[in-house]
Amino acid sequence: MDDRLLLAASTFCFLLGFAYTMFALGTGRYQPSRFNFAAMAGGFAFQSCFLVQRGHALNACPLTNLFEVLIFLSWSIVLLYFVVGTTYRLSLLGVFTAPLAFMFQAFALIVPLDSPPGLRARHLAQPWLETHAAVSIIAYGAFALAGVAGVMYLIQERQLKTHHFRRLFFQLPPIADLAVAINRLILTGFILLTVGLLSGFAVRVEWGKVIWGVGVWLIYGGILQADKWRRVTPRRVAQLAVAAFSITLATLWGLNFINPAGSL
Amino acid sequence: MEVFCLGLSHQTADVATRERFAFAEHEIGVCSGELRRRPELGEALILSTCNRVELYAAAPDPAVGLDSIEAFLVARAALEPADRKFFYRRHGPGAVRHLFRVVSGLESMVLGETEILGQVKKAYSIAAESGATARHLNKLFQRAFNVAKEVRTRTNITRGPVSVGSVAVDLAEKIFGRLSTCRAMILGAGETSELTARALMSRGAHGIFVSNRSYERARVLAEESRGEAVGFEQWHECFDDIDILISSTSAPHMIVTPEKLGHAMRKRGNRPVFVIDLALPRDVDPAVNDLDGVYLYDLDALRDIAARSMSVRRQELAECERLIERHVDEFAGWLANGGAAPMLAQNSGAVRTAQAL
């Protein structure tokens, strides 16, 4: 089966799950349903098949261009959603995760980012480099999910402040739970990124990328430290989680634009 | 065989009348059995709550059956002809519809409240255990529990809090999650603040501090709520330890200002605080709501939320009635066929079903 077809099927699943939930929320009768979970699980299964097929074809971790990076990032976000969403009973996290996964994959499918095999970074077929790239992308997945939880926090917080409750208010988790989830997701991402950077140092990846990675590491480390010292309010942490991921995503794109053949 | 009911409720009788006809819990089983033994009645069930007393039964002739229930009430509670105006009689689809509406909270004093479902389940369990119900009432009540569940999950009839106390509790849960880790302070011991504090405690909040101009009054209330009395001048010293502040003093000026609270918030490491201002004139400067981590609600805001929830519930009435009507038709069809469809359970199984629902 053509791997792009697998990707299209996965993207469609996320779109379907998101559309269904938006419709249910619109009618005010949203209940965490099997349909929503099934759509996310279906999307994840197709994503996984795509990555396995690509990995076999490349004989390496499929992180050789921005196209694959985006799919791997989307996969890690959904993977973390299944872990975190279940653990913290943040069922609505899926509603916010689905559009993000859909956006990444639709973008990857529409924009010609998938370079021909000959142009790809073959040097990735080294265990340390694969570890560095894969662990780093999963870390960015955790940061993405922290950003998603940050958006949920800000929506809920605004409703509590203004006393105007929309239908979403009753479905969103308490802000205390969201604050804990944001903190733990950033901590998870930070630990993974530390491992990713250390494995990157071991194989001496390009300095530009190392500096970028260290920059991201410092931003999230700063957020964690400020939160620990209680120098910032939970609302500020949520805002920082959203801003930090937006910056990370934008710079990732910029970095790849400068060096399209490279991996992370 | 037809099902029917005779009863009175908060809509037809005042509390004194309802009291006269009410059944104590220990009487329900005995009286249900007594009703069933009457030759005119095949099955019987008594529902007695503070808002309604209803006697359900099944018999071939509903007119005779209803008269028999009335005779039972004459003997037991001295029902007089003048009392008849308080009672309603329903039979056939009317009785089925009435039960489905009752169990779904559509006939409750607070539209959509869910306590009634538990009360009906209990009444059914008692009647079934005493052998007063059989296939028709078993089927009717099991269907009623399913209807209540469907109405609750497929409509917004139970959506949102509808009293000041429940609004406060719901908001606290939206801020803090579990209330078992929350501590509250009552500033000025008024009746509404007491009720709100009790509502919070019923959901797990603990360690209530009470501060009042009269220390004695604070001490009494603190003892009642197993809390701690604090001198009125020292209330802000406890601010680090609390998550919820309920204020209802009779002070003519603002007691909680952004300056005081801003300083206290920095000291408490920016942990969120839920401030409920129930005083008139208000105790809390509205500007404190602009501080990060402070969620301020005054009496108007709480009442407004309760009213909006009630309005949402009223909008759902038509949808609930449509759902109920479908089940009434199905059940009436089953009755018209003489109960030909297979029964869900025998008595003992039916009790287990009711308890598990």
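Our structure's up above, just so we're on the same page.
Residues numbered from 1 in each chain as written. Chains lettered and ligands numbered in written order. Predicted model: local features only at pLDDT ≥ 70, side-chain atom pairs only at ≥ 80, totals over all residues. Heavy atoms only, no water.

Caption draft 1: View of the overall build of chain B. Counting secondary structure elements, chain B contains 12 helices and 10 strands. Overall, chain B is about 75 × 40 × 35 Å in size when its C-alpha atoms are taken along their principal axes. Expressed as a percentage of the 357 residues in chain B, the buried residues total 56%. Excluding contacts between residues fewer than 6 apart, the proportion of contacts in chain B whose partners are at least 24 apart in sequence is 74%. Accessible surface for chain B amounts to roughly 15,300 Å². Of this, 51% is attributable to carbon and sulfur atoms. Distance between charge centroids for chain B: 5 Å, based on 44 positive and 47 negative side chains. (Helix = DSSP H or I, 4+ residues; strand = E, 2+ residues; numbered from the N terminus. Buried < 20%, exposed > 50% of the residue type's maximum accessible area, 1.4 Å probe, protein only. Contact = heavy atoms within 4.5 Å. Areas by Shrake-Rupley, 256 points an atom, 1.4 Å probe, with all protein chains shown as cover. Lys, Arg positive; Asp, Glu negative; His and termini not counted. Charge placed at Lys NZ, Arg CZ, Asp CG, Glu CD.)

Caption draft 2: Representation of the pairing of strand 9 (residues 273–277) of chain B in the model. Residue and element names in this part refer to chain B. For strand 9, the buried fraction is high: five of the five residues fall into the buried class. Burial along strand 9 is two-sided: V273, V275 and D277 and F274 and I276, pointing in opposite directions, are all buried. As paired elements, strand 8 (residues 244–247) and strand 9 share four bridges and run parallel to each other. Considered in strand 9, the bridge of I244 is made with F274. (Pairing = 2+ DSSP bridges.)

Caption draft 3: Seen up close, the interface of chain B and chain A. With 31 residues of chain B in contact, the opposing surface of chain A contributes 29 residues. Surface buried jointly by chain B and chain A totals about 2,300 Å² across both partners, of which 46% is contributed by carbon and sulfur atoms. The interface formed by chain B and chain A includes one salt bridge. In this structure, D292 of chain B engages R235 of chain A in a salt bridge whose closest nitrogen and oxygen atoms are separated by 2.4 Å. Between chain B and chain A we count 12 residue pairs in polar contact (both at pLDDT 80 or more) in total. Of all the elements in the fold, those that place two or more residues in the side of chain B that touches chain A are helix 6 (135–154), helix 7 (164–176), strand 10 (294–298) and helix 11 (299–336) of chain B. (Buried area = accessible area lost by both parts, 1.4 Å probe. Salt bridge = Lys/Arg side-chain N within 4 Å of Asp/Glu carboxyl O. Polar contact = N/O pair within 3.5 Å; in protein donor to acceptor, adjacent residues only side chain to side chain.)

Caption draft 4: Quick peek at the side chain of E43 of chain B. Among the secondary structure elements, E43 of chain B is positioned in strand 2 (residues 43–48). A distance of 2.9 Å separates the side chain of E43 of chain B from the backbone nitrogen of A134 of chain B, its partner in a polar contact.

Caption draft 5: Seen up close, a nonpolar patch on the surface. Residue and element names in this part refer to chain A. Taken together, the side chains of F12, L15, L16, Y20 and F35 define a hydrophobic patch exposed on the protein surface, amounting to about 440 Å² of accessible area. The element best represented in the nonpolar patch is helix 1 (residues 3–27), accounting for four residues. For F35, the location among the structural elements is in helix 2 (residues 34–58). (Patch = residues over 30% accessible without salt bridge, like charges linked within 9 Å, V, L, I, M, F, W, Y side chains within 5 Å.)

Caption draft 6: Spotlight on the packing of aromatic side chains. This model, assessed by the stated rule, comprises 17 aromatic pairs over all chains. Measuring from ring centre to ring centre gives 5.4 Å for F72 of chain A and W75 of chain A, while their planes differ by 45°; the resulting arrangement is tilted. Pair noted here: F72 of chain A and W75 of chain A are both in helix 3 (residues 66–87), with a separation of three residues, about one helical turn. Among the residues examined, F72 of chain A registers a relative accessible area of 7% and is labelled buried. Residue classification places W75 of chain A among the buried residues on the basis of a relative accessible area of 17%. With 5.8 Å between their ring centres and 65° between their planes, Y124 of chain B and F145 of chain B make a pair best called edge-to-face. Of this pair, Y124 of chain B sits in helix 5 (residues 115–129) while F145 of chain B sits in helix 6, placing them 21 residues apart in sequence. This pair shows no difference in class: Y124 of chain B is buried, exactly as F145 of chain B is. Connected via pairs of aromatic rings, a cluster forms that spans F37, F44, F72, W75, Y81 and F82 of chain A. (Phe/Tyr/Trp six-rings, centres within 6.5 Å; stacked < 30°, edge-to-face > 60°.)

Caption draft 7: Main features of the packing of helix 7 of chain B against helix 11 of chain B. Residue and element names in this part refer to chain B. At their nearest, the axes of helix 7 and helix 11 sit 9 Å apart, and the two run at 95° to each other. The angle between the axes of helix 7 and helix 11 places the two elements in the roughly perpendicular class. Contacts from V164, V167, A168 and L171 of helix 7 reach helix 11 at L299, L302, R303, I305 and A306. When its residues are assigned to classes, the contact of helix 7 with helix 11 shows eight nonpolar, no polar and one charged. (Axes fitted to C-alpha atoms, helices over the stretch in contact; angles between N-to-C directions. Parallel < 35°, antiparallel > 145°, perpendicular 65-115°, else oblique. Nonpolar A, V, L, I, M, F, W, Y, C, P; charged D, E, K, R; others polar.)

Caption draft 8: Summary view of the nonpolar core. Ranked by size, the top nonpolar core spans 106 residues in total, and within it I186 and Y220 of chain A together with L171, I244, F274 and Y297 of chain B carry the most contacts. Examining the composition of this core, we find that 15 residues originate from one element, helix 5 (residues 127–162) of chain A, more than from any other. Each residue touching L171 of chain B, except ones within four places of it in the same chain, is listed here: L160, F165 and F169 of chain A together with F274, Y297, L302 and I305 of chain B. By size, the runner-up hydrophobic cluster in this structure holds 38 residues, among which are A128, F145, A148 and L335 of chain B. (Core = buried A, V, L, I, M, F, W, Y, C linked by side-chain atoms within 4.5 Å.)

Caption draft 9: Structural detail: the sheet that holds strand 4 (residues 88–91) of chain B. Residue and element names in this part refer to chain B. One open sheet holds the four strands; their spatial order is 2-3-1-4, and the pairing between them is antiparallel. Each having just a single partner strand, strand 2 and strand 4 make up the two edges of the open sheet. Each adjacent strand pair in this sheet contributes to an overall mean axis angle of 15°, direction not counted. Examined bridge by bridge, strand 2 and strand 3 (residues 52–59) share six bridges and lie antiparallel to one another. Among the inter-strand pairings, L45 is bridged to a residue of strand 3, identified as Y56. Its contacts with the sheet put helix 2 (residues 25–36) on strand 2 and strand 3, and the angle it makes with strand 2 is roughly 150°.

Caption draft 10: Broad picture of the sheet that holds strand 8 of chain B. All names here are of chain B. With parallel pairing, the six strands of this open sheet are ordered in space as 7-6-5-8-9-10. Edge positions in the sheet fall to strand 7 (228–231) and strand 10, since each has one partner strand and no second. Between one strand axis and the next, the sheet turns through 20° on average, direction left out of account. Of the strand pairs in this sheet, strand 6 (residues 206–212) and strand 7 are connected by four bridges, and their pairing is parallel. The residue of strand 7 that forms the bridge with F209 is E228. Here helix 7 sits on the sheet in contact with strand 8, strand 9 and strand 10, set at roughly 165° to strand 9. Contacting strand 5 (183–187), strand 6, strand 8 and strand 9, helix 8 (residues 191–202) runs over the sheet at an angle of about 160° to strand 8.

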